[in-house]
Amino acid sequence: MKKLSDYLGEELRIFQKSIWKREFELKSGEEVISILIYPKFFSNFAEINIQNESYEFYRPRLFSRDVDIRKKDYQNPIASFKNNLWGRKGVLELPGGTRVTIKFGFFRKQAELYFGEGELLVSILSSFSMKERSRVIIEKRSDIIDEYPWVIMLGFYLAQLMKRNSAAGR
């Protein structure tokens, strides 16, 4: 199985398969790398399938801005994203104390994943259309995106949450 760092320099895209379903695919050409599915249309709970593993993104408490990540059908989270006060960035805490900073661009059009504060790993650039579409650029090889391949889809998921929350006036 190809590691995500091996896609360095390739064009990756995230797109919504149908306007009627909240189902997104991360693709390189015709190869499907990952699938993000919202089981219920208006839910914030999402399931991701990547490299023969399944994970869940969810908010641990009602009205919480934080997001936890766990393996599917497990109770305890393996990682946690904590949003800052203004919602422009947050920190993803991975096992072993590793921290990834996720910053969001203006109008929630972009998400960037950094190792620490300054080492850019991945950029996610959204484009406007009826269906959600984004371009993913892997900026640098990293053990983080190889060991935790779901972080790219987490960045996309968080950018979507931010857009939905700002549209709802939260």
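Each remark here, short or long, concerns the structure printed above.
Treat the numbers as computed from the prediction; the structure is a model and nothing was measured.

S.K.: What exactly am I supposed to notice about the pairing of strand β12 (residues 133-138) here?
M.R.: One face of the sheet, then the other: side chains in a regular strand alternate in exactly this way. Alternating positions in β12 separate cleanly, Ser134, Val136 and Ile138 being buried on one face and Arg133, Arg135 and Ile137 remaining unburied on the opposite face. Across 4 bridges, strand β1 (residues 12-16) lies against β12 in antiparallel orientation. Following the sheet pairing, Ile14 is matched in β12 by Ser134. When strand β11 (residues 119-127) meets β12, the two strands line up antiparallel, connected through 6 bridges.

S.K.: What is the right way to look at the environment of Ile145 in this model?
M.R.: Structurally, Ile145 is set in helix α1 (residues 143-147). In this structure, the C-alpha to C-alpha distance between Ile145 and Arg99, residues 46 residues apart in sequence, is 12 Å.

S.K.: Teacher, can you tell me more about the sheet that holds strand β9 (residues 99-104) here?
M.R.: The pairing of strands in a sheet comes from backbone hydrogen bonds and takes either a parallel or an antiparallel form. Spatial ordering of the closed barrel is given by β1-β2-β3-β4-β5-β6-β7-β8-β9-β10-β11-β12, a layout of 12 strands whose pairing is antiparallel. On average, adjacent strands in this sheet sit at an angle of 20° to one another, irrespective of strand direction. Note: strand β2 (residues 23-28) against strand β3 (residues 31-37), 6 bridges, orientation antiparallel. Counterpart to Ser28 in the pairing with β3 is Glu31.

S.K.: What am I meant to see in the packing of aromatic side chains here?
M.R.: Applying the stated criterion to the full structure yields 7 aromatic pairs. Pairing Phe24 with Phe156 gives two aromatic rings, centres 5.1 Å apart and planes at 65°, and the pair type is edge-to-face. With a gap of 132 residues between them, Phe24 in strand β2 and Phe156 in helix α2 (residues 151-167) connect regions that are remote in the sequence. Pair check on accessibility: Phe24 and Phe156 agree, each one buried. Ring plane angle 25° and centroid distance 6.1 Å describe the contact between Tyr38 and Tyr157, whose orientation is recorded as stacked. Taken together, the positions of Tyr38 in the loop between β3 and β4 (46-50) and Tyr157 in helix α2 put the pair 119 residues apart, joining distant regions of the chain.

Parameters and conventions
- Residues numbered from 1 in each chain as written.
- Predicted model: local features only at pLDDT ≥ 70, side-chain atom pairs only at ≥ 80, totals over all residues.
- Heavy atoms only, no water.
- Buried < 20%, exposed > 50% of the residue type's maximum accessible area, 1.4 Å probe, protein only.
- Helix = DSSP H or I, 4+ residues; strand = E, 2+ residues; numbered from the N terminus.
- Pairing = 2+ DSSP bridges.
- Axes fitted to C-alpha atoms, helices over the stretch in contact; angles between N-to-C directions.
- Phe/Tyr/Trp six-rings, centres within 6.5 Å; stacked < 30°, edge-to-face > 60°.

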